Amino acid sequence: MNNLEKYLTLLNGEVDGLLLTSRYSRFYGAQYDIAEGVAIVTKAGCRYFTDSRYIEAAQKGIQGFQVLETNRENPYNDLLNRAIADFGVTTLGYEEGYLSVAEFLDYEKNLNAKLVSLHSKIAGFRAVKEPWELDRMRKAQEITDQAFAEVLPRIKAGMTEKQVQAELIYCLYKNGGENLSFDPIVVSGPNTSLPHGVAGDRVLQEGDFITLDFGVLWGGYCSDMTRTVALGYATDEMKKVYETVLAAQQAGISATKAGVLGRDIDAAARAVITEAGYGAYFGHGYGHSLGLEVHENPNCNPKGDVPMKVNMVCSAEPGIYLPGKFGVRIEDVVIFTADGCEDITKSPKNLIIL
Ligand code: ZN
Ligand code: ZN
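In what follows, the accompanying structure is described.

Some details on the pairing of strand 6 (residues 114–117)
- Two elements, strand 5 (residues 91–94) and strand 6, share four bridges in a ladder whose sense is parallel. Within strand 6, the residue paired with T91 across the bridge is K114.
- Read as a crossover between parallel neighbours, the route from strand 5 over helix 5 (residues 101–110) to strand 6 is right-handed.

Below is the structure:
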């Protein structure tokens, strides 16, 4: 079943059309990325609307949809209402998670169909990846691993976090990244206790931990990895915390296979950190799904009550954060298989001291 056929399975009486407004859902259904547009999916036909900036690319690249141009004479809502009439649509499933209130109110007022919230079902198809999607994620991760190897020799005492961030971004693009999957996190010394700290003007010193959390898009799909390295030397406490986080990640990865609940994977990793006495310092969840977006569902956190399936993808990123001192996070991305998982992050995980 291709992705558009998956969407068609939602048209079962509750709704007879889908209104695809987010870039992600349009990409997924059309298997082609257009920055701006709107698409409508029905059993009687599918149409994709975009403006003159994208129309040529859309007409060449999009399969399965009739592609039409929006312009001053043909605003989006008129084109949608024409499709609603032509295809006999009465109820449209929409993506409430991606629409602003203003956009929703505009659709509700002007479209000649009843709107039904359907975000989680539309986005839900993306949780289990197709083989071609997994290949893109492996490629995105390969670029990210290569960038990590190339940035390490560039990191020196006396540089600022922002300068390291700039080098990292350069290495990500140089190795083929199409875009950043998020602003890379580069924090050093006491700033490493901030799980999502922002790179600033702090100058790197010997004895610092440096946490790098970064990823790229390739073919529209995200990578995401974290490594914590030491500069010059690491104290015994730093080494102990590092080894605890690494053991927790390995426990999580060992518990990862199809059929297991996300919360059980989180618990396997969390137990290692709790037993070492650092339970209070691991505040976030163990992992999140990713794909077209860097954070998707389902999650492997204490609330994760969904049995994970073959070809779902999840990050494995336990951490320990000691306020005012330092923090450590190590993050890989794994693909669920029937009897375990494939770790697509290949960078070394032993403590690297630069
Ligand atoms: Zn990350
Ligand atoms: Zn992550």
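Let's pick the thread back up.
Details of the sheet that holds strand 3 (residues 46–50)
- Ordered in space as 4-3-2-1-5-6, the six strands form an open sheet in which the pairing is mixed. With partners counted over all chains shown, the strands left at the sheet margins are strand 4 (66–69) and strand 6, one partner each. Each neighbouring strand pair of the sheet contributes to a mean axis angle of 25°, computed without reference to strand direction.
- Strand direction decides the pairing type here: strand 3 and strand 4, joined by four bridges, are parallel.

Regarding the packing of aromatic side chains
- Within the structure shown, the criterion is met by ten aromatic pairs.
- Taking the centre distance of 5.4 Å and the plane angle of 70° together, the rings of F209 and F326 count as edge-to-face. Taken as a pair, F209 in strand 9 (residues 209–214) and F326 in strand 17 (residues 326–329) lie far apart in primary sequence, 117 residues in all. As far as the burial class goes, F209 and F326 line up, both buried.
- In textbook terms, an aromatic cluster arises when at least three aromatic residues are bridged by ring pairs, as seen for Y7, Y28 and F125.
- The aromatic ring of W218 is capped on one face by K139, whose charged end is 5.8 Å from the ring centroid.
- If you follow R270 out to its NZ or CZ, it ends over the ring of F282, 4.0 Å from the centre.

What about the coordination of the zinc ion (ligand 2)?
- Around the zinc ion (ligand 2), the donor atoms from the protein are D224 (OD), H288 (NE2), E317 (OE) and E331 (OE), and they sit 2.1 to 2.2 Å away.
- In this structure, the zinc ion (ligand 2) is surrounded by four donor atoms whose angles at the metal cover 80 to 155°, and the resulting shape is irregular.
- Taken in sequence order, the residues that donate to the zinc ion (ligand 2) follow the motif D-x63-H-x28-E-x13-E.
- Separating the zinc ion (ligand 2) and the zinc ion (ligand 1) is a distance of 3.1 Å, and D224 donates to both of them. Separated by 107 residues along the polypeptide, D224 in the loop between strand 11 (221–222) and strand 12 (225–230) and E331 in the loop between strand 17 and strand 18 (332–336) bring together distant segments of the chain. Like D224, the residue E331 is buried in the burial classification.

Some details on the sheet that holds strand 8 (residues 185–188)
- Pairing is antiparallel in the open sheet, where three strands are placed in the order 8-9-12. Strand pairing shows two members of the sheet lacking a second neighbour, strand 8 and strand 12, which therefore form its edges. Strand-to-strand, the axes of this sheet are offset by a mean angle of 10°, without reference to chain direction.
- Judged from the four bridges that link them, strand 8 and strand 9 form a sheet pairing that is antiparallel. Counted as the bridge partner of I185 is D213 from strand 9.
- The sheet contacts of helix 7 (residues 131–151) involve strand 9 and strand 12, and relative to strand 12 the element is tilted by about 15°.

The rules behind the values
- Residues numbered from 1 in each chain as written.
- Chains lettered and ligands numbered in written order.
- Predicted model: local features only at pLDDT ≥ 70, side-chain atom pairs only at ≥ 80, totals over all residues.
- Heavy atoms only, no water.
- Pairing = 2+ DSSP bridges.
- Helix = DSSP H or I, 4+ residues; strand = E, 2+ residues; numbered from the N terminus.
- Right-handed = clockwise from strand over helix to strand, strands pointing away.
- Axes fitted to C-alpha atoms, helices over the stretch in contact; angles between N-to-C directions.
- Phe/Tyr/Trp six-rings, centres within 6.5 Å; stacked < 30°, edge-to-face > 60°.
- Buried < 20%, exposed > 50% of the residue type's maximum accessible area, 1.4 Å probe, protein only.
- Lys NZ or Arg CZ within 6 Å of the ring centre and 35° of its normal.
- Donors = N, O, S within 2.8 Å, 3.2 Å for Na, K, Ca; no water.
- Tetrahedral: all angles 85-135°; square planar, octahedral: opposite > 155°, others 65-115°.
- Contact = heavy atoms within 4.5 Å.

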